[in-house]
Amino acid sequence: MRTKNPPVTAQAESGRKRREASRSEILAGTRRLLAAGGAVASLSIDRIVAEAGVSRATFYVCFPDKRAVVAQLAQEALSWREHVHAEVLADPDLTRAQLDELLLTIVRHWQADRDVLGAIVELAEHDPAMRTAWRGAIADIADQAADQFRVRWRRSRDRLDNPEAVAAVFTWMLERSCHQLVTDSESAETIALAISEILWRTLSYRTP
């Protein structure tokens, strides 16, 4: 006999809404601190709760630690990877203008979230759990690119022998370039078009 789930009480629903509101305040407060130039290493929970306007007890109801907050911000900052229409890479009739637009979209997303993404990269350098999460996120992007490369070169005599490795190298090149060189809208456009040039030469390569 199936048991019915107990009804959600008004008190439980109110508590859920308060927790969601507190999570949002904590995330927004952390984002503001990072945007102001705060390093992750010096970003204490006391500073976060003061900026967010919540208590330490409320913080721990919402997140187990500071790393979990940054990890959530990372997921939000990289949500664009599901919506950038990377499938154009598989199109044999891909134009340079389409490729430029794809790279501009990706790099502009990075530039818009550069404070958060910079903090993630910083934390990943010395935090094993964050490093694993970040590498996993980059690997997801590389896998997406590799899928498109395979489709593009499926019937070509110029196909890549190892699209997975090429996609991985290209994706990490994109990550490093954005992290080290993108500082504002102007540099974002310059870097995006430079990366597009490199990828275009790869995609349009023909055996001599």
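Everything discussed here concerns the structure shown above.
Predicted model, so just to flag it, every value in this text is computed and none were measured.

**Structural notes on the environment of Thr202**
Topologically, Thr202 is positioned in helix α9 (residues 185-203). In the structure, Thr202 is positioned 36 residues away from Val166 in sequence and 9.6 Å away in space, judged by C-alpha atoms. A polar contact is formed between the side chain of Thr202 and the backbone oxygen of Ile198, at a distance of 3.2 Å.

**Overview of the side chain of Thr171**
Looking at the secondary structure, you find Thr171 in helix α8 (residues 163-181). Thr171 gets classed as buried once you look at its relative accessible area, which sits at 4%. Non-local contacts of Thr171, meaning those with residues more than four positions away in its chain, are made with Ile138, Ile141 and Ala142.

**Some points on the nonpolar core**
Counting residues in hydrophobic clusters, the biggest one holds 60 residues, and the most contacted among them are Ile26, Leu103 and Trp134. If you tally residues by element for this core, the top one is helix α7 (residues 128-152), at eight residues. Among residues more than four places away in sequence, those in contact with Ile26 are Ile48, Ala52, Val54, Phe59, Cys62, Phe63 and Val69.

**Section: helix α6 (residues 114-124)**
The buried fraction of α6 is high, at eight of eleven residues. Looking at α6, one finds that the buried residues are Val116, Leu117, Gly118, Ala119, Ile120, Val121, Leu123 and Ala124.

**Here's the deal with empty space enclosed by the protein**
This structure, assessed with the given rule, holds two cavities of 30 Å³ or more. The computed volume of the largest cavity comes to approximately 170 Å³. Surrounding the largest cavity, 15 residues form its lining, Leu89, Ile106, Ile141, Ala145 and Phe170 being those nearest its centre. Those elements that provide at least two residues to the lining of the largest cavity are α5 (96-112), α7 and α8. Looking at side-chain class alone, the lining of the largest cavity contains twelve nonpolar, two polar and one charged residues. Of the voids in this model, the second largest cavity is the one considered here, and its volume is about 70 Å³.

**Side note on the pattern of salt bridges**
The final tally for this structure, using the stated rule, is eleven salt bridges. The residue Glu76 makes a salt bridge to Arg31 at a minimum N-O spacing of 3.7 Å. Of this pair, Glu76 sits in helix α4 (residues 66-77) while Arg31 sits in helix α1 (residues 10-35), and the two are 45 residues apart along the sequence. Relative accessible area serves as the criterion here: at 36%, Glu76 is assigned to the partly exposed category. The shortest N-O distance in the salt bridge between Arg96 and Glu197 comes to 2.7 Å. Residue Arg96 is located in helix α5, and its partner Glu197 is located in helix α9; the two are separated by 101 residues in the primary sequence.

Procedures and definitions
- Residues numbered from 1 in each chain as written.
- Predicted model: local features only at pLDDT ≥ 70, side-chain atom pairs only at ≥ 80, totals over all residues.
- Heavy atoms only, no water.
- Helix = DSSP H or I, 4+ residues; strand = E, 2+ residues; numbered from the N terminus.
- Polar contact = N/O pair within 3.5 Å; in protein donor to acceptor, adjacent residues only side chain to side chain.
- Buried < 20%, exposed > 50% of the residue type's maximum accessible area, 1.4 Å probe, protein only.
- Contact = heavy atoms within 4.5 Å.
- Core = buried A, V, L, I, M, F, W, Y, C linked by side-chain atoms within 4.5 Å.
- 1 Å grid on protein atoms, 1.4 Å probe; cavity = no way out; pocket = protein on both sides within 12 Å on 5 of 7 lines; lining within 4 Å.
- Points joined across faces, edges and corners; volume = space filled by probe spheres on them.
- Nonpolar A, V, L, I, M, F, W, Y, C, P; charged D, E, K, R; others polar.
- Salt bridge = Lys/Arg side-chain N within 4 Å of Asp/Glu carboxyl O.

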